[in-house]
Amino acid sequence: MSDDYLWVEGVPFFKNFSPETVRQLRDDFVIKAEDVVTVTYLKSGTNWMVKILCLIRSKGDPKWIQSVPIWERSPWVETEFGYQLLSEKEGPRLISSHLPIQLFPKSAFSSKAKVIYIIRNPRDVLVSGYFFWSLVSSCKKPKSLEEYFEWFCRGNVLYGSWFDHIHGWMSMRDRESVLILSYEELKKDTRKTVEKVCQFLGKTLEPEELKLILKNSSFQAMKENKMSNYSFVDGIFLRKELPLLRKGISGDWKNHLTVAQAEAFDKLFQEKMADLPRELFPWE
Ligand code: A3P
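Let me begin by describing the structure that accompanies this report. (Residues numbered from 1 in each chain as written. Predicted model: local features only at pLDDT ≥ 70, side-chain atom pairs only at ≥ 80, totals over all residues. Heavy atoms only, no water.)

### Brief notes about the pairing of strand 4 (residues 94-97)
Then, in step 1: Of the two faces of strand 4, the one holding Leu94 and Ser96 and the one holding Ile95 and Ser97 are both buried throughout.
Then, in step 2: In this structure, strand 3 (residues 36-40) lies alongside strand 4, joined through four bridges in parallel fashion. Considered in strand 4, the bridge of Val36 is made with Leu94. (Buried < 20%, exposed > 50% of the residue type's maximum accessible area, 1.4 Å probe, protein only. Helix = DSSP H or I, 4+ residues; strand = E, 2+ residues; numbered from the N terminus. Pairing = 2+ DSSP bridges.)

### Describing the sheet that holds strand 5 (residues 114-119)
Then, in step 1: A sheet is described by the order of its strands in space; here four strands give the open sequence 4-3-5-6, paired in parallel fashion. Unpaired on one side and paired on the other, strand 4 and strand 6 (178-182) mark the two borders of the sheet. Between one strand axis and the next, the sheet turns through 20° on average, direction left out of account.
Then, in step 2: On the sheet, helix 8 (residues 162-170) packs against strand 3, strand 5 and strand 6 and is oriented at approximately 145° with respect to strand 5.
Then, in step 3: Strands in contact with helix 10 (residues 190-201) are strand 3, strand 5 and strand 6; relative to strand 6, the strand with the most contacts, it is inclined by about 175°. (Axes fitted to C-alpha atoms, helices over the stretch in contact; angles between N-to-C directions. Contact = heavy atoms within 4.5 Å.)

### Some points on the pattern of salt bridges
Then, in step 1: Tallying each qualifying case throughout the model produces 15 salt bridges.
Then, in step 2: Taking the shortest distance from any N to any O, the salt bridge between Glu9 and Arg26 comes out at 3.1 Å. Taken together, the residues span a long stretch of sequence, with Glu9 in the loop between strand 1 (6-8) and strand 2 (11-13) and Arg26 in helix 1 (residues 19-28) at a distance of 17 residues.
Then, in step 3: Relative accessible area serves as the criterion here: at 13%, Arg26 is assigned to the buried category.
Then, in step 4: Of the charged contacts, one joins Glu147 and Lys143 as a salt bridge, the two residues approaching to 3.6 Å between their closest N and O atoms.
Then, in step 5: On the basis of relative accessible area, Lys143 is assigned to the exposed category, the value being 70%.
Then, in step 6: One connected set of salt bridges, linked through shared partners, spans Glu9, Arg23, Arg26, Asp27 and Lys106. (Salt bridge = Lys/Arg side-chain N within 4 Å of Asp/Glu carboxyl O.)

### Brief notes about the environment of Thr46
Then, in step 1: Along the polypeptide, Thr46 turns up in helix 2 (residues 46-57).
Then, in step 2: Separated by 134 residues in sequence, Thr46 and Ile180 have C-alpha atoms that sit 13 Å apart.
Then, in step 3: With residues up to four places along the chain from it excluded, the contact list for Thr46 reads Thr38, Thr40, Trp76 and His98.

### Quick word on unusual backbone geometry
Then, in step 1: The phi angle at Glu9 is positive, at roughly 50°, despite the residue not being glycine.
Then, in step 2: When its relative accessible area of 43% is taken as the criterion, Glu9 is described as partly exposed.
Then, in step 3: One non-glycine residue, Lys59, adopts positive backbone phi at about 55°.
Then, in step 4: Looking at the secondary structure, you find Lys59 in the loop between helix 2 and helix 3 (63-67).

### Details of the packing of helix 6 (residues 122-133) against helix 14 (residues 259-273)
Then, in step 1: Viewed as axis vectors pointing N to C, helix 6 and helix 14 meet at an angle of 125°, and their least axial separation amounts to 11 Å. By the criterion of interaxial angle, the relationship of helix 6 to helix 14 is oblique. Between helix 6, through Pro122, Arg123 and Leu126, and helix 14, the contact on the second element is made entirely by Phe265, Asp266 and Phe269.
Then, in step 2: Grouping the constituent residues of the contact of helix 6 with helix 14 by class yields four nonpolar, no polar and two charged. (Parallel < 35°, antiparallel > 145°, perpendicular 65-115°, else oblique. Nonpolar A, V, L, I, M, F, W, Y, C, P; charged D, E, K, R; others polar.)

### Here we look at the layout of surface pockets
Where empty space is left becomes clear once a probe the size of a water molecule has been rolled over the atoms.
Then, in step 1: The computed volume of the second largest pocket comes to approximately 160 Å³.
Then, in step 2: Surrounding the second largest pocket, Ala33, Glu34, Val36, Leu53, Ile56, Arg57, Leu94, Lys112, Lys114, Leu201 and Lys203 form its lining.
Then, in step 3: It is helix 2 that contributes the most residues to the lining of the second largest pocket, three residues altogether.
Then, in step 4: Taken together, the residues that form the lining of the second largest pocket break down as six nonpolar, no polar and five charged. (1 Å grid on protein atoms, 1.4 Å probe; cavity = no way out; pocket = protein on both sides within 12 Å on 5 of 7 lines; lining within 4 Å. Points joined across faces, edges and corners; volume = space filled by probe spheres on them.)

This is how it looks when you write it as structure tokens:
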């Protein structure tokens, strides 16, 4: 496995990343007070939250999300492209990241920048990741769900262990500038969760604007938006028409994990997460 990634301080990255850049990002990149950062472990609903944040900014008007790709609206700070773009951007920025906390730009922790961290049932993260990486050309493909299950449980996947990622970011949960949300609550009551995000950001919306945000960030609307599903990036990063939006539901893991896998995962979850309060994990 270890040859398939670039490892920086025990965390696996895409091979085209450089350790110097990752460290430089952590030590030198300046997160500003007016920035809004979305941080997630991969496949937890990043693109959904970014879309919502963009729509909050445009008061529900979909023009921006329909004409500009997500990596320009809310660049991933750890990518070379994102780093460059963010360094040149003026004014309040939307920033995305999958970095574990120990590699995230240090400046964020002394700034008033707002950070939204999304968690999702790791079983669904695992299944979503399996289907995604099975189709992506730039990363090692799992031969089977069984194989990917092993990788995931050991943290031998991009950005490392889900358990470590959650532990790291959960340590920030009492900060006023950090909002922890779950994919499950976003799914169960999108309206209420969007209102919660607005409150956190100090934004007020007219009822009509909120309605537009909900309409334009729905699974169906996102599926139809070329700028959301990456279908126009033919040959660069993903295969043509690769659906980033697969099923968009909670609990799909039940259709894919065997009873033995589910039991093994339960045991692992109990062992690894015993020190965190249960209510942080609404799916448990
Ligand atoms: P599934 O593969 O389970 O369908 P990320 O953006 O972090 O890569 O997460 C991708 C997951 O979020 C996918 O999960 C995708 O379908 C889901 N998702 C994206 N937009 C969504 C939406 N509007 N509603 C529900 N789920 C959404």
